[in-house]
Each structure stands twice: as structure tokens, then as C-alpha cells.
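# Coordinate analysis (summary)
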Amino acid sequence: MGGFTRLLHSGEPDDLMDEVPTFVAQPLPNSVVEHESYPVLNRPYAFLQWIRATNITEDFILMSEPDHIFLRPIPNLMRKDEWPAAYPFFYIEPAQVITSCI
């Protein structure tokens, strides 16, 4: 495993910046979504901003939420040059959100 980066999608630094390597992403524009009503949609947009702004040297990326708890080692379900392994969260549809921001 390479490094660990926290994606902060508030657009503003916070008090954990000195504790955890953090990338501060801008939230979705208000023209796309009202932030107070559904802030979870900022997550895929923050991920897109981070990927565009960084030089990733690892072969794979694990994206996890702060409330995820791992009880056992996670098997690597990825294979190079194949589709990513993912769990479809019904409340996040990044393709719909991100395409309207690009």
C-alpha cells in the first residue's frame, strides 16, 4: 500500500489538516446541487478533483468512507486492465453528478 489521503470536500481546510494528509476539494457548484440538502454527492466530485490534481503511482486505489469498519483484511479483487471492483451505493450515482460538472 502506498500513501493515505483524506478527501475533504468542504472546500475549506479544517483542524485535522496537520494530523492527516488531506486534499481539499471544492464542493459541487450550487447550480448542480443544493449542498445543504444532499452533501453526499460532493464525494465523487472530490474524488475526480483529487485524481486530476495528483500523480498516482499505485496500481490500485481503495476509496473508503470514514464510517466503514474493516474486520478482516480486504482481498484485492482488482485485476489490471479490467473493470474496477466496486460496491454500488444506491444513494451515490457519480456518473450523473460528475458529467454535469465537467
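Let us look at the structure shown here.

Rules behind the numbers
Each chain carries its own residue numbering, running from 1 in the direction its sequence is written. Selection of residues for local features in this predicted model requires a pLDDT of at least 70, selection of side-chain atom pairs for listing and counting requires 80 or more, and totals for whole chains, interfaces and linings are taken over all residues. The side-chain values count all of the structure's non-hydrogen atoms but skip hydrogen atoms and water molecules. Only runs of H or I of at least four residues qualify as helices and only runs of E of at least two qualify as strands under DSSP, and these elements are numbered from the N terminus. Partly exposed describes any residue whose relative accessible area lies between the buried limit of under 20% and the exposed limit of over 50%, with all areas from a 1.4 Å probe on protein chains only and scaled to the type maximum. A contact between two residues is defined here by any heavy atoms of the two lying within 4.5 Å. Calculation of accessible area relied on Shrake-Rupley with a 1.4 Å probe; when residues are assessed, cover is drawn exclusively from the protein chains displayed. Aromatic rings from Phe, Tyr and Trp, with only the six-membered ring used for Trp, were paired whenever their centres fell within 6.5 Å, and each pair was classed as stacked if the ring planes differed by under 30 degrees, edge-to-face if by over 60, and tilted otherwise. We call two N or O atoms a polar contact when they sit within 3.5 Å, provided that within protein one can donate a hydrogen and the other can accept it, with sequence-adjacent residues counted only if both atoms are side-chain atoms. For patch detection, residues must exceed 30% relative accessible area and be free of salt bridges, and they are connected within 9 Å for like charges or within 5 Å for nonpolar side chains (Val, Leu, Ile, Met, Phe, Trp, Tyr). Salt bridges are identified by distance alone: a Lys or Arg side-chain nitrogen within 4 Å of an Asp or Glu carboxyl oxygen. Given the number of residues in a helix, its expected span is that number minus one, multiplied by 1.5 Å.

Counting its secondary structure elements, the chain contains 2 helices and 2 strands. Going from N to C terminus, the chain has its helices and strands arranged as β-β-α-α. Taken across its 102 residues, the chain has 20% of its residues classed as buried. Contacts in the chain between residues far apart in sequence, at least 24 positions, make up 35% of those at least 6 positions apart. As displayed, the chain has an accessible area near 8300 Å², and 57% of this comes from carbon and sulfur atoms.

Summed over all chains, the structure comprises 1 aromatic pair. Seen in terms of ring centroids, Phe47 and Trp50 are 5.6 Å apart; in terms of plane orientation they differ by 50 degrees. Their pairing is tilted. One end of the pair, Phe47, and the other, Trp50, are both in helix α1 (residues 42–53), 3 residues apart, so they sit about a helical turn from each other.

Secondary-structure assignment places Arg6 in strand β1 (residues 6–8). With a relative accessible area of 18%, Arg6 lands in the buried category. Of note is the side chain of Arg6, whose polar atom sits 3.1 Å from the side chain of Thr22. The residues contacting Arg6, other than those within four sequence positions of it, are Asp14, Leu16, Met17, Val20, Pro21, Thr22 and Phe23.

By the element assignment, Met63 lies in the loop between α1 and α2 (94–99). C-alpha of Met63 to C-alpha of Phe47: the two residues are 16 residues apart in sequence and 8.7 Å apart in space.

So, on to a nonpolar patch on the surface. On the surface, a nonpolar cluster with roughly 320 Å² of combined accessible area is contributed by Leu62, Phe70 and Ile74. Judged by relative accessible area, Leu62 falls into the exposed class, the value being 57%.

Any two side chains of opposite charge can pair, given that their charged atoms come close. In the structure shown here, the tally under the stated rule is 1 salt bridge. A salt bridge links Asp14 to Arg6, with the shortest nitrogen-to-oxygen separation between them at 2.7 Å.

So, about the environment of Leu28. Within the secondary structure, Leu28 is located in the loop between β2 (22–24) and α1. Residues Leu28 and Asn42 lie 14 residues apart in sequence; the distance between their C-alpha atoms is 5.8 Å.

As a further point, take α1. The terminal C-alpha atoms of α1 lie 16 Å apart, and with 12 residues this matches the ideal 16 Å at 1.5 Å per residue to within 8%. Where α1 is concerned, the buried positions are Asn42, Pro44, Tyr45, Ala46, Leu48, Gln49 and Trp50.

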